[in-house]
Amino acid sequence: MSSGMALWLRHNRVHYFFLTSLILSLLVKTAAWKLLEQNGNSVDIDTLWVSALTSIPLLFIFAHEDDFDRVSPRPIKNRRLTLLALVVVWAALVAFLCFWGDLSDYGFFTVIRNDIGLIGLGLISTYVLKKTFIWVVPVFALLGSLTFSWPLEPSVGHSLWGALRAPFSCVMPGGQPNLSALLVIVIWAIGSVIYVQGWSRRRKDKEFCSLTGFRTGKSYSSLVLKGKLRASYAIPIALILIVFSVVAPLASASSWLGSPQILMVQELTVLILFFAPATLCASVISSQARWRSGNADWEDTSPRSRIERLVSVFRISALSTFIPLVILALVLIAISFVGAILSGVSYGVTFRQLWAGTPTFLMIVGFLLASCVIGTLIGYLFRGMWIAPLC
């Protein structure tokens, strides 16, 4: 391999993400075999696990293209095609190593189909999203597929909506045609064309932001705070967390609407399994603003101490993750309190329920605070865009 090719592959972190996808996939497949398959249990969802841990790290190879690549005298489309081919071949090699000789409906070919499907979704998403968010749509597709359940007689539509969970066969178990492979090939083809052609709806703002903002009459501190909130994606992160966090409590409102204790001890305790990882991941994304904006090196020359800079970053992370979730929990508790009163429960009983659930609520707040602090530290210290989904 020439030194130029080696430097180009290193620039795109190819070797790093190849190794990451291989190690994660082999670990998950080995764990599934040791814990389940060795005892005679059949597992069909491990193909989706392996596909996710293979394809999502590989997607970040496509996110390291910069302006120097685009102005290079060598054709950029040829290099994009080379990266695309390398990723597909490596994904097929990892699938072969994880499912050696398994040609069943949930084996080697199923993993390859899921790999190219997730990669295609990631590439399509770059048409409207930044390349640093190339992992978002595949992760949501993965989460949706993990909650997908098959009816006794699946239809053609199920092979499309549940393409990542469908068997690799021409017909579904009920005899209907299986179009999952066809759908995945179409998704991958569209994503490949979008990536190779460099199509994107996002318009880069090339206007120079001068000091005009200081003539608006706003204070310097408010302008700085506004800039930090925008760079850290604070508002979108807060909205996404609130929307996803409020769905489950509203769905089970009949069980806690008249009892604050049930809400705090049962419902919110279960939801912490989502709250804590989501807060951790969102805090990483928020606190990595210093790397995305290119201010990390400048901050090192700042007269402020590292502790002061960390506290400043934590404030922004808390505003977008920890504080909205705590406010949401308090609102739900208030709704439950009012619901209990309107249901005829006395104030004394309602206050005792509220007091009984307070220790659990404080424990939940502690978990959220710890997740926010850990995520902020990880995002502040490490710049890799792959860190957030890995967390």
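What counts and how
Residues numbered from 1 in each chain as written. Predicted model: local features only at pLDDT ≥ 70, side-chain atom pairs only at ≥ 80, totals over all residues. Heavy atoms only, no water. Axes fitted to C-alpha atoms, helices over the stretch in contact; angles between N-to-C directions. Helix = DSSP H or I, 4+ residues; strand = E, 2+ residues; numbered from the N terminus. Parallel < 35°, antiparallel > 145°, perpendicular 65-115°, else oblique. Left-handed = near helix turned anticlockwise from the far one by under 90°. Contact = heavy atoms within 4.5 Å. Nonpolar A, V, L, I, M, F, W, Y, C, P; charged D, E, K, R; others polar. Core = buried A, V, L, I, M, F, W, Y, C linked by side-chain atoms within 4.5 Å. Buried < 20%, exposed > 50% of the residue type's maximum accessible area, 1.4 Å probe, protein only. Polar contact = N/O pair within 3.5 Å; in protein donor to acceptor, adjacent residues only side chain to side chain. Phe/Tyr/Trp six-rings, centres within 6.5 Å; stacked < 30°, edge-to-face > 60°. Patch = residues over 30% accessible without salt bridge, like charges linked within 9 Å, V, L, I, M, F, W, Y side chains within 5 Å. Areas by Shrake-Rupley, 256 points an atom, 1.4 Å probe, with all protein chains shown as cover. Salt bridge = Lys/Arg side-chain N within 4 Å of Asp/Glu carboxyl O.

A.B. asks: Before we go on, may I ask you to explain the packing of helix H13 (residues 260-287) against helix H16 (residues 306-342) in this structure?
C.D. replies: Pairs of packed helices are described in terms of their axes, by the angle between the two and the distance that separates them. For the pair H13 and H16, the least separation of the axes is 10 Å and the interaxial angle reads 165°. Regarding the angle of H13 to H16, the classification is roughly antiparallel. Both H13 and H16 take part in a crossing whose hand is right-handed. Each of Pro-260, Leu-263, Met-264, Leu-268, Phe-275, Thr-279, Ala-282, Ser-283, Ser-286 and Ser-287 in H13 lies in contact with H16, whose residues at this interface are Val-313, Ile-316, Ser-317, Ser-320, Thr-321, Leu-325, Ala-329, Leu-332, Ile-333, Ser-336, Phe-337 and Ala-340. Along the lines of polarity and charge, the residues of the contact of H13 with H16 split into 14 nonpolar, eight polar and no charged.

A.B. asks: Whenever I open this one, the nonpolar core confuses me. Can you help?
C.D. replies: Membership of the largest hydrophobic core comes to 67 residues, with the highest contact counts inside it found for Ile-61, Phe-62, Trp-135, Leu-268 and Leu-368. Among the elements that make up this core, the one with the highest residue count is H13 (11 residues). The contact partners of Leu-368, leaving out residues within four places of it in the chain, are Ile-272, Phe-275, Ala-276, Thr-279, Phe-322, Leu-325 and Val-326.

A.B. asks: Please clarify how the side chain of Ser-259 should be interpreted in this entry.
C.D. replies: Mapped onto the elements, Ser-259 comes out in the loop between helix H12 (253-256) and H13. Accessibility expressed as a relative area gives 10% for Ser-259, which makes it buried. A polar side-chain atom of Ser-259 sits 3.1 Å from a polar atom in the side chain of Gln-353. With sequence-adjacent residues up to four places away left out, Ser-259 is seen in contact with Ser-336 and Gln-353.

A.B. asks: For this particular structure, what's the right way to read the packing of aromatic side chains?
C.D. replies: Aromatic ring pairs are defined here through the distance separating the ring centres and the angle between the ring planes. Here the structure, examined in full by the defined rule, presents nine aromatic pairs. Here Phe-62 and Tyr-195 contribute two aromatic rings whose centre-to-centre distance is 4.8 Å and whose plane-to-plane angle is 65°, an arrangement assigned as edge-to-face. With a gap of 133 residues between them, Phe-62 in the loop between helix H3 (46-59) and helix H4 (67-70) and Tyr-195 in helix H9 (residues 180-197) connect regions that are remote in the sequence. You can call Phe-62 buried: its relative accessible area is 1%. Judged by its relative accessible area of 4%, Tyr-195 is buried. Seen in terms of ring centroids, Phe-108 and Phe-109 are 5.0 Å apart; in terms of plane orientation they differ by 65°. Their pairing is edge-to-face.

A.B. asks: Mind showing me how you'd approach the packing of H13 against helix H17 (residues 347-381) here?
C.D. replies: H17 packs onto H13 with a crossing angle of 15° between their chain directions and a minimal axis gap of 8 Å. With respect to their mutual orientation, H13 and H17 come out roughly parallel. Regarding H13 and H17, the two cross each other, and that crossing is right-handed. A class-by-class count of the residues in the contact of H13 with H17 yields 19 nonpolar, 14 polar and no charged.

A.B. asks: Help me out: how do you make sense of a nonpolar patch on the surface in this one?
C.D. replies: On the surface, Trp-49, Phe-140, Leu-143, Leu-146, Ile-240, Val-243, Phe-244 and Phe-274 cluster together into a nonpolar patch covering about 710 Å² of accessible area. If you trace the backbone, Trp-49 turns up in helix H3. On the accessibility criterion, Trp-49 (31% relative accessible area) is partly exposed.

A.B. asks: Would you mind going over the pattern of salt bridges with me for this structure?
C.D. replies: When their charged atoms lie close together, side chains carrying opposite charge are able to pair. Following the criterion strictly, the structure yields two salt bridges and no others. For Glu-65, the salt bridge goes to Arg-80, with nearest N and O atoms at 2.7 Å. You can see Glu-65 sitting in the loop between H3 and H4 and its partner Arg-80 sitting in helix H5 (residues 76-98), a full 15 residues away along the chain. Judged on exposure class, the residue Glu-65 and its partner Arg-80 are both buried. A salt bridge links Lys-131 to Glu-65, with the shortest nitrogen-to-oxygen separation between them at 4.0 Å. With Lys-131 in the loop between helix H6 (108-125) and helix H7 (136-146) and Glu-65 in the loop between H3 and H4, this residue pair connects regions lying 66 residues apart in the sequence. By relative accessible area, which is 27% here, Lys-131 ends up partly exposed.

Function cannot be read off these values alone, since they describe shape.
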